[in-house]
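A closer look at the structure
Chain by chain, the residues run as shown.
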Amino acid sequence: MAIKNQGIVQRKNDHLDIILNTPQDVTGASTGFGNWRFVHCALPEIDYDAIDLRSVFLNKTLSAPLLISSMTGGAQRSKFINHHLAEAAQELNVAMGVGSQRIALEGQSDCGIDKSLRRLAPDIPLMANLGAAQLAGEKGIDSARRVVDMIEADALIIHLNPLQEILQSDGDRDWAGKLDAIAQVVRHLTVPVVVKEVGAGISAAVAGRLIDAGVTAIDVAGAGGTSWAAVEGKRAESAHLRALASAFADWGIPTAQALQAIASAYPNTPVIASGGIRTGIDAAKALRLGACLVGQAAAILDSATESTQAVVDRFAITIEQLKLACFCTGSINLDALKTADIIQCGGGS
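Residues numbered from 1 in each chain as written. Predicted model: local features only at pLDDT ≥ 70, side-chain atom pairs only at ≥ 80, totals over all residues. Heavy atoms only, no water.

Pairing is parallel around the closed barrel formed by 8 strands, whose spatial order is 4-5-6-7-8-9-10-11. Averaged over all pairs of adjacent strands, the angle between their axes in this sheet comes to 30°, without regard to strand direction. Bridge analysis of strand 9 (residues 217-219) against strand 10 (residues 271-273) gives 2 bridges, and the strand direction is parallel. Its bridge partner being in strand 10, Asp 219 is matched across the sheet by Ile 272. (Pairing = 2+ DSSP bridges. Helix = DSSP H or I, 4+ residues; strand = E, 2+ residues; numbered from the N terminus. Axes fitted to C-alpha atoms, helices over the stretch in contact; angles between N-to-C directions.)

Right under this line is the structure:
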């Protein structure tokens, strides 16, 4: 087990290095948000300083509808990253999801994903994270409970990454029975369950099956952000895996497309938009297309390695951009933004 854990830790380190050092090389398909454009309101008739971005998620009021999305949970430097993110989330009063807790679960190192995060961020929605591949049988239910307890989480994120797993030489190849395993976890946990992809998107059909299984919210995590196929291709040790990964570098459902499809089909289910959200305008478009919350990860990873203040400063820009998008559409709050005039136009990222 120790040898396997060492391999997972090295993989997490590789992931961080690749995303931080060559971010432009690990972005796959278009997000689809470039295909949408707000109709500018030249006469907004509102006070900019009165615009209200507050929203509610997991029964907690947020200052803005933003989520610090799951990033990393294996490498030792993750401790500093996660602490910076938790402190920033608390200061900004936005939600946070931690990276995979698999290493901590298997007793190697928690890398800062422990109750210290709750002490740093006592008031925000904080979500634990475990891969669907770790949910088989009774052990899966126990694992889910443990990762929630580990950080006193308000919810559990179960991440789906079948493409990425196949592109890893030691990845999990058997994905039979995962839906039933998720349903079992939902039935036995006392906190809500959110299911997310990791960058290839969730279709409306799959979302429907998850909702029927009792999942509370869907994070589309669509194509257009980090392509984990491209990342795995960069760290592949064989020409075979590199060739396989490169063919799938732009695979997936664009974030905007997945979001719109799920929100239209299941209007009563909270949908989180993540995957290539780079600006507050992207966030505004996502909210207009049906998202209740907008997540960012890779776009702020470099800031997270630096300091808490760097994360706060980066998110402050996104928040101000979102607020200005509201102003330029005549939207005094998020409810108004969700009915703002928007048109579908030509191609774009």
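A separate point is the pattern of salt bridges. For the structure shown, the criterion picks out 6 salt bridges. Note that Arg 146 is salt-bridged to Asp 142, the shortest N-O span being 3.9 Å. Residue Arg 146 and its partner Asp 142 are both found in helix 5 (residues 137-151); the two are separated by 4 residues, about one turn of the helix. The exposure class assigned to Arg 146 is partly exposed, which follows from its relative accessible area of 38%. Using a relative accessible area of 37% as the deciding quantity, one classes Asp 142 as partly exposed. (Salt bridge = Lys/Arg side-chain N within 4 Å of Asp/Glu carboxyl O. Buried < 20%, exposed > 50% of the residue type's maximum accessible area, 1.4 Å probe, protein only.)

Our focus in this paragraph is the packing of aromatic side chains. Under the defined criterion, the tally for this structure stands at 2 aromatic pairs. On the basis of an interplanar angle of 85° and a centroid distance of 5.4 Å, the ring pair of Tyr 48 and Phe 327 is categorised as edge-to-face. Taken together, the residues span a long stretch of sequence, with Tyr 48 in the loop between strand 1 (36-38) and strand 2 (55-57) and Phe 327 in helix 14 (residues 308-327) at a distance of 279 residues. Taking the ring centre of Trp 175 as reference, the NZ or CZ of Lys 178 above it sits at 5.8 Å. (Phe/Tyr/Trp six-rings, centres within 6.5 Å; stacked < 30°, edge-to-face > 60°. Lys NZ or Arg CZ within 6 Å of the ring centre and 35° of its normal.)

On to the UniProt feature "binding site: substrate" (unreviewed entry) in the protein. Taking the UniProt record as the reference, the feature "binding site: substrate" (unreviewed entry) is found at Arg 11, Lys 12, Ser 100, Gln 101, Arg 102 and Gln 164. Position of Ser 100 relative to the elements: it lies in the loop between strand 5 (95-97) and helix 3 (102-105). Ser 100 gets classed as buried once you look at its relative accessible area, which sits at 12%. Within polar-contact distance, the side chain of Ser 100 engages the backbone nitrogen of Arg 102 at 3.3 Å. (UniProt positions renumbered as here; feature names shortened; annotations may be inferred. Polar contact = N/O pair within 3.5 Å; in protein donor to acceptor, adjacent residues only side chain to side chain.)

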